[in-house]
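Each chain is listed here by its residues.
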Amino acid sequence: MLTLMKDVPENVLGVVAEGMVTAHDYETVLIPAVEERLEKQDKVRVLYVTAADFQGYDAGAMWDDAKLGLSHLTAWERVAVVSDVEWIRMMLHAFSFMMMGRMKLFKIEELEQAKVWVAE
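What this report covers is the structure whose coordinates are included nearby. (Residues numbered from 1 in each chain as written. Predicted model: local features only at pLDDT ≥ 70, side-chain atom pairs only at ≥ 80, totals over all residues. Heavy atoms only, no water.)

Focus on the side chain of Arg89
With respect to the secondary-structure elements, Arg89 resides in helix 3 (residues 86–95). In this structure Arg89 is buried but unpaired, with Glu86 as the nearest side chain of opposite charge at 4.6 Å. At 3.1 Å, the side chain of Arg89 forms a polar contact with the backbone oxygen of Ser83. Those residues within four positions of Arg89 in sequence are excluded, and the remaining contacts are Ser83, Asp84, Leu105, Phe106 and Lys107. (Helix = DSSP H or I, 4+ residues; strand = E, 2+ residues; numbered from the N terminus. Buried < 20%, exposed > 50% of the residue type's maximum accessible area, 1.4 Å probe, protein only. Lys, Arg positive; Asp, Glu negative; His and termini not counted. Salt bridge = Lys/Arg side-chain N within 4 Å of Asp/Glu carboxyl O. Polar contact = N/O pair within 3.5 Å; in protein donor to acceptor, adjacent residues only side chain to side chain. Contact = heavy atoms within 4.5 Å.)

As structure tokens, this is what we get:
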């Protein structure tokens, strides 16, 4: 499940991934939120947090994630990923070169630093 965060700076789109993330989550939560931001501004700053109960993504969610990233390739100004899930951290290290904006990984205990970095 994806949930939008309320306690983030105004210029940041905060998202929490909990349990199993599905294509439905992308299509009803994340994609509309990104599209709404891009109607008002040229670039998006995202704070993406995996909760303690995060289990992973279904195939549809992975496909929607790739489509969202590629369809707005130059729209990502800053992305802060806050996670202790090792495979997510490894994937981001491997594929972060594809991001046009700045991306930075944080551990869960660094959430407050991630909020500051993504908003500055």
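Further notes follow.
Brief notes about the layout of surface pockets
Roughly 180 Å³ of volume is contained in the second largest pocket. For the lining of the second largest pocket, the elements supplying multiple residues, two or more each, are strand 2 (13–17) and helix 1 (23–40). When residues of the lining of the second largest pocket are assigned to their parent elements, the largest contribution, five residues, is made by helix 1. When the residues that make up the lining of the second largest pocket are grouped by side-chain class, the tally is eight nonpolar, one polar and three charged. (1 Å grid on protein atoms, 1.4 Å probe; cavity = no way out; pocket = protein on both sides within 12 Å on 5 of 7 lines; lining within 4 Å. Points joined across faces, edges and corners; volume = space filled by probe spheres on them. Nonpolar A, V, L, I, M, F, W, Y, C, P; charged D, E, K, R; others polar.)

Observations regarding the pattern of salt bridges
The final tally for this structure, using the stated rule, is six salt bridges. Residue Lys115 pairs with Asp7 through a salt bridge whose shortest N-O separation is 3.2 Å. In this pair, Lys115 is assigned in helix 4 (residues 111–119) and Asp7 in the loop between strand 1 (2–4) and strand 2, connecting sequence segments 108 residues apart. Three or more residues are tied together by salt bridges with common partners; here these are Asp7, Glu112 and Lys115.

Here we look at the pairing of strand 6 (residues 76–82)
Burial runs high along strand 6: six of the seven residues are buried. Relative to strand 6, strand 4 (residues 44–50) is paired through six bridges, and the arrangement is parallel. Residue pairing across strands places Leu47 opposite Ala80, the latter belonging to strand 6. Two elements, strand 6 and strand 7 (residues 102–106), share five bridges in a ladder whose sense is parallel. Bridging across to strand 7, Val81 finds its partner in Leu105. (Pairing = 2+ DSSP bridges.)

Any functional reading would require information that these geometric values do not contain.
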